[in-house]
Amino acid sequence: MRMQWLWRNLLAAAVLVMAGAVAAGGENVSYDGRSLIIDGQRKMLFSGSIHYPRSTPDMWPSLISKAKQGGIDVIETYVFWNLHEPRPGQYDFSGRRDIVVFIKQIQAQGLYACLRIGPYIEGEWTYGGFPFWLHDVPGIIYRSDNEPFKLYMQNFTTKIVSLMKSEGLYASQGGPIILSQIENEYQNIEKAFREDGPLYVRWAAKMAVELQTGVPWVMCKQDDAPHPIINTCNGMKCGETFKGPNSPNKPSLWTENWTSFYQVYGQNVTLRSAEDIAFQVALFIARKNGTYINYYMYHGGTNFGRTAAEFMITSYYDQAPLDEYGLIREPKWGHLKELHAAVKLCSEAILSSFPTMQSLGQLQEAYVFSGDSGACAAFLVNADNRRSATVRFQNLTYQLPPKSISILPDCNIVAFNTAKVSTQFNTRSSRPVFKFDSAEKWEQFQDVIPQFDATTLRSQTLLEQTNTTKDASDYLWYTASFEQDSQEQQARLSVKSLGHVLHAFVNGALVGSAQGQFRNTSFTLESMVALNKGTNQISLLSATVGLPDSGAFLERRSLGVRSVIIQNSLGVKIFTVFPWGYQVGLLGEKLQIYTYEGSKNANWSSLGSSQQLTWYKSIFSAPKGDGPIALNLGSMGKGEAWVNGQSIGRYWVSFHTSAGLPSQTWYNVPRSFLKPRNNLLVVFEEEMGNPVNITVDAISVTKVCAHVTNSNPPPVISWRKSDKLSERHPGRRPKVYLNCPPRSNISKILFASFGNPYGNCEDYAAGLCHSSNSKAIVEKVYL
């Protein structure tokens, strides 16, 4: 463990104790205009989204435990219809799909649960969570006052509610589920359905309530949510944008506070600071009377297999408080933990009153909560993004940094400021622990480029891709054959596609590739080709990268090839419309050569030169230890990878961001996918990647650092209740707390300064005021 420490003015350390968590199992859940009420008690609740299929069952206990340690009271999850009902009436709740085990693990750790059934979820999940067979129901219109859709939606919602009831998982039964959600952000598209939109909203609400779960239902981003459904806010700035509950008898709930943002191939990661998240949470409590805040995501996890929506990377919300691998990401996790503890100190005052607002300046305000028992709490807001502010509140002076909120649990002493981070920072790194660095470690199988005569599915027209594949594969081959009277060296091939990726082959040779982009999926492939005298074969491989997950009339979306034209050197069309032959998927998929048994059906050969559409196979042993590991696929192009028959997701390393870098290079391999030895790795490469440079890397936190100033509030845990100020806060001083991950130790001090250092945890230096023996003192203590 390497440690770097920025040290300003104070040298101190403090051990932080986890905030207390509410115990699950309330018999009655209700609400009023102030908050949710559980067993007759109002609740200030912090929630975190963790989606069970985006991690593995062996990870669930640790993820939930770390959330609890971070001050989380509720775990929120979607329910994934296309995972649970892959075919009509056939259900699957095994493995990562075992939502009952997941909810019971939440209960076992004393937390509540919020079940977002939907069953439309969006969630950057392929097809918004809908099973593709829904597409083939005659006359169906998704998310509308449409009888076929309402039938299947009600069937699935009832199935999930019945399952939860049978396991006693609703709070009304002594279980942990205190909230359920029906639909999801429907207001975004409601107008597209005209009069059918409001009718559908009212139907969905009535249907949900009649299922009698004994707990409240919510609709997010739905201002017209019918009584008794609670309308809630989603977004990054609900402290500013939320219009509020649509009834004075409903509480103010925030179901999605985005801790970063989803990332798509070709786009840079969107970062969101711990300070900004904390500011908006405190503002939501102060300005919007918020008493329930959910972080989306608290742990994002991994889009295994083909579950990511179109153009979404395989890693999901890696910048959340718990990263893709379940490691704590600092300072986000620790700063929010301090926020939760500070707010909980104010709970009595917050939950027994609505705040009064006092102006402290042009962009400064005080929100004061005065409880029935005399409790008082205040939130001092500086909404100025650029300047600090000195304000007077109750005859005392307070310094407020730019865009910050100070929380005063007694209306006197600052317990927490959203812009002052006293928790540690950490740095995640990767280290190769196994290299596939020789040709002898690999075998390869070249997939077959089909020709028209080998196809059995035929059409006089170009078929829409997803309606043809039924989402059984990302790939659809379009093939045609035509006769040419003379040799043509300078013919122009033009293929229009609605997305997402296209590889064009003429007479078995690749002549060009093209791709769309997120929210601009259509494109045209243009290429000069040589045609033979006689028979010519065209084979077009159209590939989807996930299905769309949002928007009105999702059932009408189209993908795949739309037109094909070949012109000679004089511009005369020599190929326009001919019968087309189709093949769904790849030969390697049909043979399932990514599994042990299926791999025996392929004619593998020694590793040769790179070619398109090649499968690569190797064997490796599991790295020692139990820490997270990942495949470094930086040498590959585009495709999918499997470990012991389980897909770890799509990769697309060749699709670079504006900075010229891959959107994702490391791909999570859960430990539960592995055996001690003889693990089968199979990689399908569409392009020209080099598998010899693939490595298995250990992922870990290798550096921690922290900084503190005299103006930082002391750790919230140091707050003491007493009648006398001197006894309440004896010796309270700003402190920092450094913590190594489990089973690791500090091995080196990189930097320490008592004085006024500058920089950050990656780029730091001593300032003009610096104690020369700072590092020596720290080394003596910690080494």
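The residue numbering used here restarts from 1 in each chain and proceeds along that chain's sequence as written. In keeping with the predicted nature of the model, local features appear solely for residues at pLDDT of at least 70, side-chain atom pairs appear and are counted solely at 80 or more, and the whole-chain, interface and lining totals rest on all residues. Neither water nor hydrogens contribute to the side-chain values; these are computed over all heavy atoms in the structure.

As recorded in an unreviewed UniProt entry, the protein chain goes by the name Beta-galactosidase 16-like isoform X1, listed as coming from Nicotiana tabacum.

Visitor: Explain the environment of Ser658 to me, please; I cannot follow it from the model alone.
Guide: Tracing the sequence through the fold places Ser658 in the loop between strand S36 (646-652) and strand S37 (666-669). Distance from Ser658 to Asn268, taken between C-alpha atoms, is 7.4 Å for residues 390 residues apart in sequence. Excluding residues within four positions of it along the chain, Ser658 makes contact with Gly266 and Asn268. In terms of polar contacts, Ser658 uses its side chain to reach the side chain of Asn268, at 3.1 Å. The way it works is that DSSP assigns letters per residue, a run of H or I at least four long becomes a helix, a run of E at least two long becomes a strand, and they are numbered from the N terminus. When checking whether two residues touch, look at their non-hydrogen atoms; a contact exists if any pair is within 4.5 Å. Counting of polar contacts relies on pairs of N or O atoms within 3.5 Å, with two restrictions inside protein: one atom must be capable of donating a hydrogen and the other of accepting it, and residues adjacent in sequence are counted only when both atoms are side-chain atoms.

Visitor: Got a minute to help me understand unusual backbone geometry in this structure?
Guide: Note: most peptide bonds trans; most residues except glycine with negative phi. Cis geometry marks the peptide bond from Gly118 to Pro119, where omega comes out at -5°. With respect to the element layout, Pro119 can be found in the loop between strand S7 (112-118) and helix H4 (147-166). Residue Glu122 is not a glycine yet carries a positive backbone phi of 60°. Note on placement: Glu122 falls in the loop between S7 and H4. For each residue, the accessible area found with a 1.4 Å probe, counting protein chains only, is set against the maximum for its type, and the residue is called buried under 20%, exposed over 50%, and partly exposed in between. Residue class for Glu122 comes out buried when judged on its relative accessible area of 18%. Positive phi, close to 55°, is recorded for Leu613, a residue that is not glycine. Relative to the helices and strands, Leu613 resides in the loop between strand S32 (605-606) and strand S33 (614-620). When its relative accessible area of 2% is taken as the criterion, Leu613 is described as buried.

Visitor: Even after reading the chapter, I still don't get the nonpolar core, so can you show me in this structure?
Guide: Side chains that are nonpolar tend, in soluble globular proteins, to be buried together. In this text, buried Ala, Val, Leu, Ile, Met, Phe, Trp, Tyr and Cys residues form a nonpolar core when linked through side-chain atoms within 4.5 Å. If you look at the biggest cluster of nonpolar residues, it comprises 175 residues, and the most contacted ones within it are Met164 and Phe379. Beyond its immediate stretch of four places on either side in the chain, Met164 contacts Ile99, Val100, Ile103, Leu115, Leu169, Tyr170, Gln173 and Ile177. Judged by nonpolar contacts, the second largest core, of 24 residues, contains Leu462, Ala491, Ala504 and Leu531.

Visitor: What is the right way to look at helix H3 (residues 99-108) in this model?
Guide: Residue pairs spaced three or four apart in an α-helix point in one direction, given the helix's 3.6 residues per turn. Looking only at H3, the buried set comprises Ile99, Val100, Phe102, Ile103 and Ile106. Along the axis of H3, the buried positions cluster into a sector of 165°, meaning they face one direction only. Directly beyond the C-terminal end of H3, a positive phi value near 75° is found at Gly110. Regarding the arc, it is the one traced by the directions from the helix axis to the C-beta atoms.

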